[in-house]
Amino acid sequence: MDDVAASRSTLTGGAAVKPPRPRTPSADTALLGIYEISKILTAPSRLEQTLGSVIAALSSFLDMRLGMITILDQHGNPEIVASSGWVSRDDGKPIDTLPPKVIDRLVATAMPVIVEDVSRDAMFAPAAELITRTIGKKVSFLAVAIKSDSRVVGTLSINRTSEELISCAFEADLRLLTMIANLIGQTVKLHRMFSADRQRLLNECSTLEKALDSCLPKETHRERPDVAGIIGESPSIMEVLDTIAVVAKSNSTVLLRGESGTGKELFARAVHDLSRRSAKPFVKLNCAALPESVLESELFGHERGAFTGAVAQRAGRFELANGGTLLLDEIGEISPAFQAKLLRVLQEGEFERVGGSKTLKVNVRFVFATNKNLEEAVEKGEFRADLYYRISVVPVFLPPLRERPGDVSLLAHNFIENYNRENDQKRELSESAIATLQRCYFPGNVRELENCVRRTATLARDETIVDHDFACASGKCLSALLWTSSASGAYYHARPETAGMGVAVPPPGIAPASRGATESGPAFPTESASRRDMAGAEEADGFGSSRKMIDRERLIEGMEKAAWVQAKAARLLGLSLRQVNYALKKYNIEIKRI
């Protein structure tokens, strides 16, 4: 391969160094590695998580102390960094071990770079101390360019000790790295094409909505309902507010559906405030926060002596909300037994206090809220179908923040004003800060945006908050830490809208909402999906709470049958590659080289 041959001149000092005759690695191992990585690259997932999985898988096929995939933005700056083997001993980050001069050389020449000892190479002068302190002395470096068509869009690099470089076939490894880099380049290209197309469609949709709105007669324009606490002027929010304004006039039961952090409680309050019951009480209860025995007492009340600690009669939430509105949040979390009790109240409007025999009757407007896929729960038998039909009379789908990007600026300014008022400060957001927030992906929706603004305002050094004050500018974005695998060490920056999939494609378990969703298909992330994601995150670190740790003897037996190839052993044992890697480290089993 010409690139590999030419790369020999990139050894320390720029002089050609003839490497020792290497041992040729197993072709089957290399082929298996490409096969495993190709499966990862073709799986539907966010680009950050995909790259993290690729570099973690690559560590099983190559001897390396640190592996890193870096994707560059349109300005040539690192946008996504996925690493494997990084153990931070201070405030350093994996990208600190890759000097800009190395990236510039790869971008300019697209030729592989081989450095026998980074401590003796001028390019690594700024990073040599960190590399030596983190990885060890006499560290070698191999890197290839990741190309999309003819343009370099990233780098794929590994660090080893110099002894490992001498004892292995670096030419074969460079060929393997080059092939994997080509696969990654095609994946990045497809992700960015998808992102650009999605953004184009969103822009066209926004343009068409504005054009249609301008063509409507003035008398058909509706004023925004006066609702306290709800900030936003996007079409999706206006549509929800218009729906609530209509629904509030009746006594029909409302089911608010949406992702966590979309403001379901605020919209429930809006239903109450816009109704004829606004002068009566608005009572709320989170059904997921209490065990069933306590929940029954909270809702229905109890008589004196009904149970230990019941020293006096107490009215429940149903009685307190009589004549007004009762919000039951997280309704999808109640048990089947309690669902039957709640169904009777909805049907008859009657109940008894715990420990009592007197039937009480109330007049309450019910508003329910959930982020759970109730249709799926009904299908699995976890939620009663008759109760589902009782609570889902008027379903209202709340849009996630990613579908209302125009509201980010309004919300951010409101949050900074609240912060200033509470802390007697004079913080303000610059244009670059607003631009950064509008590019970010917020899985936690409005709640996460508020958390991000408050955290940044608290830590900012100056009164004017700029883009560099945000955590994502230093690779410490909390969304990335939440949604990417901790084993891969992947993180991402707030990226341009036309870059990778960090913003356009949601994290695992989050599906873009659709205002055209029907009752048969809710348009928000289901709680079951979220729980699967959390289980997957646990599995990435080991075996999770649902799977028993494999014993040492069975692990060694499987590794021996697979000729100590971790990926093959994972298939034989019915585990993931990360699980095998985790178990080997846990039991301190040394990998045999056959």
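What you see is a predicted model, and the numbers here were worked out from it, not measured in a lab.

Draft legend 1. Seen up close, the overall build of the protein. Looking only at helices and strands, one finds 22 helices and 17 strands in the protein. Taking the intrachain contacts of the protein between residues at least 6 apart in sequence as the baseline, contacts between residues at least 24 apart amount to 71%. In the structure as shown, the protein presents an accessible area of about 28,600 Å², 51% of it carried by carbon and sulfur atoms.

Draft legend 2. Representation of the sheet that holds strand 7 (residues 282-286) within the structure. Ordered by their spatial adjacency, five strands build an open sheet running 7-10-13-6-14, and the pairing between neighbours is parallel. Two strands bound the open sheet, and with one partner strand each, they are strand 7 and strand 14 (394-397). Averaged over neighbouring strand pairs, the angle between their axes works out to 20 degrees when direction is ignored. In this sheet, strand 13 (residues 365-370) lies alongside strand 6 (residues 254-257) in parallel orientation, the contact comprising four bridges. Within strand 13, the position partnered with arginine 257 by the bridge is threonine 370.

Draft legend 3. The arrangement of the pattern of salt bridges in detail. Per the counting criterion, the structure on display carries 24 salt bridges. We note a salt bridge from lysine 380 to glutamate 376, for which the minimum N-O separation is 2.9 Å. One end of the pair, lysine 380, and the other, glutamate 376, are both in helix 13 (residues 374-380), four residues apart, so they sit about a helical turn from each other. A salt bridge links arginine 454 to glutamate 450, with the nearest nitrogen and oxygen atoms 3.4 Å apart.

Draft legend 4. Seen up close, the packing of aromatic side chains. All told, the structure shown has six aromatic pairs when counted by the stated rule. Each ring, one from phenylalanine 124 and one from phenylalanine 141, has its centre 4.9 Å from the other, and the planes form 65 degrees; the classification is edge-to-face. Separated by 17 residues along the polypeptide, phenylalanine 124 in the loop between strand 3 (113-115) and helix 5 (128-134) and phenylalanine 141 in strand 4 (residues 139-148) bring together distant segments of the chain. Exposure remark for phenylalanine 124: the relative accessible area of 0% places this residue in the buried category. Their ring planes at 70 degrees and their centres at 5.3 Å tell us that tyrosine 388 and tyrosine 389 sit as a pair that is edge-to-face. Since its relative accessible area comes to 6%, tyrosine 388 is described here as buried. By relative accessible area, tyrosine 389 is classed as exposed at 58%.

Draft legend 5. Representation of the packing of helix 2 (residues 27-42) against helix 3 (residues 47-61). Between helix 2 and helix 3, the least distance of the axes is 9 Å, while the angle of their chain directions is 165 degrees. Considering the angle they form, helix 2 stands roughly antiparallel to helix 3. Considering only the axes of helix 2 and helix 3, their crossing is right-handed. Of helix 3, the residues touching helix 2 (which contributes Thr29, Leu32, Gly33, Glu36, Ile37, Ile40 and Leu41) are Thr50, Ser53, Val54, Ala57, Leu58 and Phe61. Classifying every residue of the contact of helix 2 with helix 3 gives eight nonpolar, four polar and one charged.

Draft legend 6. Geometry of the pairing of strand 10 (residues 325-329). Among the five residues of strand 10, five are classified as buried, and the element is accordingly described as predominantly covered. The two faces of strand 10 match: Thr325, Leu327 and Asp329 on one face and Leu326 and Leu328 on the other face are all buried. When strand 7 meets strand 10, the two strands line up parallel, connected through five bridges. In the sheet register, asparagine 286 faces strand 10, and the bridge partner there is aspartate 329. As judged from the four bridges shared by strand 10 and strand 13, these two strands associate in the parallel manner. Within strand 13, the residue paired with leucine 326 across the bridge is phenylalanine 366.

Draft legend 7. Helix 12 (residues 336-348), seen in detail. For helix 12, built from 13 residues, the straight-helix expectation of 18 Å at 1.5 Å per residue is met to within 8% by its first-to-last C-alpha distance of 19 Å. Residues Phe338, Gln339, Leu342, Leu343, Val345 and Leu346 constitute the buried set of helix 12. The arc enclosing the buried residues of helix 12, seen along the axis, measures out at 165 degrees, which places them on a common side. Buried-residue contacts for helix 12 involve helix 10 (292-300), helix 11 (317-320), strand 10, strand 11 (350-352), strand 13 and helix 14 (385-391). One or two steps after helix 12, the chain reaches glycine 349, where phi turns positive at roughly 70 degrees.

Draft legend 8. Region of interest: the pairing of strand 6. Side chains of strand 6 alternate between two faces, with Val254 and Leu256 and Leu255 and Arg257 buried alike. Sheet topology note: the strand 6/strand 14 ladder contains four bridges and is parallel. Pairing of arginine 257 across the sheet is with phenylalanine 397, part of strand 14.

Draft legend 9. Spatial organisation of the nonpolar core. Core analysis: the biggest nonpolar cluster contains 35 residues, and Ile69, Leu156, Leu177 and Ile184 have the highest contact counts within it. Elements represented by at least two residues in this core include exactly helix 2, helix 3, strand 1 (66-72), strand 2 (78-84), strand 4, strand 5 (151-161) and helix 7 (170-215). Top contributing element to this core by residue count: helix 7, with eight residues. What isoleucine 69 contacts, discounting residues up to four positions off in sequence, is Leu51, Val54, Ile55, Ile80, Val81, Ala82, Ile146, Thr155, Leu156 and Ile184.

Draft legend 10. Representation of helix 2. The end-to-end C-alpha distance of helix 2 is 23 Å, a good match for the 22 Å that 16 residues give at a rise of 1.5 Å each. Residues of helix 2 that are buried include every one of Leu32, Gly33, Ile34, Glu36, Ile37 and Leu41, and no others.

Draft legend 11. Examining the side chain of threonine 262 more closely. Tracing the chain through its elements places threonine 262 in the loop between strand 6 and helix 9 (264-273). Polar side-chain contacts of threonine 262 include one of 2.7 Å to the backbone oxygen of glutamate 259. Discounting chain neighbours no more than four positions away, the residues touching threonine 262 are Phe267, Leu398, Pro399, Pro400 and Asn445.

Draft legend 12. Local environment of the environment of phenylalanine 318. When you line up the elements, phenylalanine 318 lands in helix 11. In the structure, phenylalanine 318 is positioned 42 residues away from leucine 360 in sequence and 9.7 Å away in space, judged by C-alpha atoms. Apart from residues no more than four positions distant in its own chain, phenylalanine 318 is found in contact with Leu299, Phe300, Leu326, Leu342, Val345, Phe351, Val362, Val364 and Phe366.

Definitions and limits used
- Residues numbered from 1 in each chain as written.
- Predicted model: local features only at pLDDT ≥ 70, side-chain atom pairs only at ≥ 80, totals over all residues.
- Heavy atoms only, no water.
- Helix = DSSP H or I, 4+ residues; strand = E, 2+ residues; numbered from the N terminus.
- Contact = heavy atoms within 4.5 Å.
- Areas by Shrake-Rupley, 256 points an atom, 1.4 Å probe, with all protein chains shown as cover.
- Pairing = 2+ DSSP bridges.
- Axes fitted to C-alpha atoms, helices over the stretch in contact; angles between N-to-C directions.
- Salt bridge = Lys/Arg side-chain N within 4 Å of Asp/Glu carboxyl O.
- Phe/Tyr/Trp six-rings, centres within 6.5 Å; stacked < 30°, edge-to-face > 60°.
- Buried < 20%, exposed > 50% of the residue type's maximum accessible area, 1.4 Å probe, protein only.
- Parallel < 35°, antiparallel > 145°, perpendicular 65-115°, else oblique.
- Left-handed = near helix turned anticlockwise from the far one by under 90°.
- Nonpolar A, V, L, I, M, F, W, Y, C, P; charged D, E, K, R; others polar.
- Expected span 1.5 Å × (residues − 1).
- Arc of directions from axis to C-beta.
- Core = buried A, V, L, I, M, F, W, Y, C linked by side-chain atoms within 4.5 Å.
- Polar contact = N/O pair within 3.5 Å; in protein donor to acceptor, adjacent residues only side chain to side chain.

Fair warning: the whole summary comes from geometry, so function is off the table for now.
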